[in-house]
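# Tertiary structure, described
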Amino acid sequence: MFKSKKRKLGLILFLALSMLLAACGKDEKASTTNSSKNALEQIKERDKIVIGVKYDTRLFGLKNPTSGEVEGFDIDISKQLAKEILGDEKKVEFKEVTSKTRIPMLNNGDIDAIVATMTISEERKKEVDFSDVYFDAGQSLLVKKGSPIKGLQDLKKGTKVLAVKGSTSAINIREKAPDATVLEYENYTEAFTALKSGQGDALTTDDSILYGMVDQDPNYQLVGGTFTEEPYGIAVKKGNKELVDAINNALKKMKEDGRYDEIKNKWIKTN
Ligand code: GLU
């Protein structure tokens, strides 16, 4: 009796341990368990860099439903990072992030870096480390052509402004237009769909992203110019100096040899 109980316990322990091991094996996180290696060494050992990008942001990171590929400025920059760090632009894996999920996904170890229209801000520097600036945007407003809204001054009490959760735009607009009502959405597709279906009077985010929406639907236009500075940076987990240095070196090289301009000219018409 005693012996069989012991055996049962042993069996249960064995099963629990195997399940735990199986779960570890299935873990597809970017960071490996080998914590003695820094992030750059882990990427090199894995021979692949996992980058968080937008999937719904035309011109920067947009999933092409036909090919299944993600395309845009941030995607091309990421491929060149892979080329510089691992010698092959194909050694990159993309994972979808939104403005709200990108920092948690990075700090969770799901991704090695964020290349996703992300502004370098003092607030965010408390949570992640940033590369040098790789693109300059500024916040603006998108409205339907013919709208009475011509700029910030027209965002009055009762005006509904649409923004995306986790973006600097959602924070800035409350400061710049304190009387307006701000409605927040999960991502840019949802926000633009809401604008088109009349759920709001204006949509606010970076001019660079709004140009992508105009590209998609020319019935909409940017108004009022830009009212903030949004310098984009590549974010990595805090304390990964080697990786930040490698990214900065890669950006520098891309700028020097013309690859950066080529990518910029391909995607960005205004600016
Ligand atoms: N650049 C702004 C930000 O980092 C807006 C774009 C975005 O939501 O990614 O929050």
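That block above? That's the structure.
## As for the pattern of salt bridges
For the coordinates displayed, the defined rule picks out 16 salt bridges. Residue R259 pairs with E84 through a salt bridge whose shortest N-O separation is 2.9 Å. Taken as a pair, R259 in helix α10 (residues 259-267) and E84 in helix α3 (residues 73-86) lie far apart in primary sequence, 175 residues in all. Judged by its relative accessible area of 26%, E84 is partly exposed. Here E123 and K126 are joined by a salt bridge, their closest N and O atoms 2.9 Å apart. Residue classification places K126 among the exposed residues on the basis of a relative accessible area of 57%.

## Remarks on the packing of α3 against helix α9 (residues 241-256)
Two elements in contact, α3 and α9, have axes separated by 9 Å at closest approach and are oriented at 110 degrees. By the angle class used here, α3 and α9 are roughly perpendicular. Two secondary-structure elements touch here, α3 through I77, Q80, L81, E84 and I85 and α9 through A246, I247, A250, L251, K253 and M254.

## Overview of the side chain of Q139
Position of Q139 relative to the elements: it lies in strand β9 (residues 139-144). A relative accessible area of 0% places Q139 in the buried class. Within polar-contact distance, the side chain of Q139 engages the side chain of N172 at 2.9 Å. Side-chain polar atoms of Q139 contact the side chain of T204, separated by 2.8 Å.

## Brief notes about the packing of aromatic side chains
Across all of its chains, the model carries nine aromatic pairs by this definition. Measuring from centroid to centroid gives 5.6 Å for F60 and F73, while their planes differ by 65 degrees, and the two rings are edge-to-face. Separated by 13 residues along the polypeptide, F60 in the loop between β2 (56-57) and β3 (61-63) and F73 in helix α3 bring together distant segments of the chain. With respect to burial, F60 and F73 carry one shared label: buried. Consider the rings of Y134 and Y232, whose centres lie 6.2 Å apart with planes at 55 degrees: the pair is tilted. Taken together, the residues Y134 in the loop between β7 (128-130) and β8 (135-137) and Y232 in strand β14 (residues 230-232) connect sequence positions 98 residues apart.

Calculation criteria
- Residues numbered from 1 in each chain as written.
- Predicted model: local features only at pLDDT ≥ 70, side-chain atom pairs only at ≥ 80, totals over all residues.
- Heavy atoms only, no water.
- Salt bridge = Lys/Arg side-chain N within 4 Å of Asp/Glu carboxyl O.
- Helix = DSSP H or I, 4+ residues; strand = E, 2+ residues; numbered from the N terminus.
- Buried < 20%, exposed > 50% of the residue type's maximum accessible area, 1.4 Å probe, protein only.
- Axes fitted to C-alpha atoms, helices over the stretch in contact; angles between N-to-C directions.
- Parallel < 35°, antiparallel > 145°, perpendicular 65-115°, else oblique.
- Contact = heavy atoms within 4.5 Å.
- Polar contact = N/O pair within 3.5 Å; in protein donor to acceptor, adjacent residues only side chain to side chain.
- Phe/Tyr/Trp six-rings, centres within 6.5 Å; stacked < 30°, edge-to-face > 60°.

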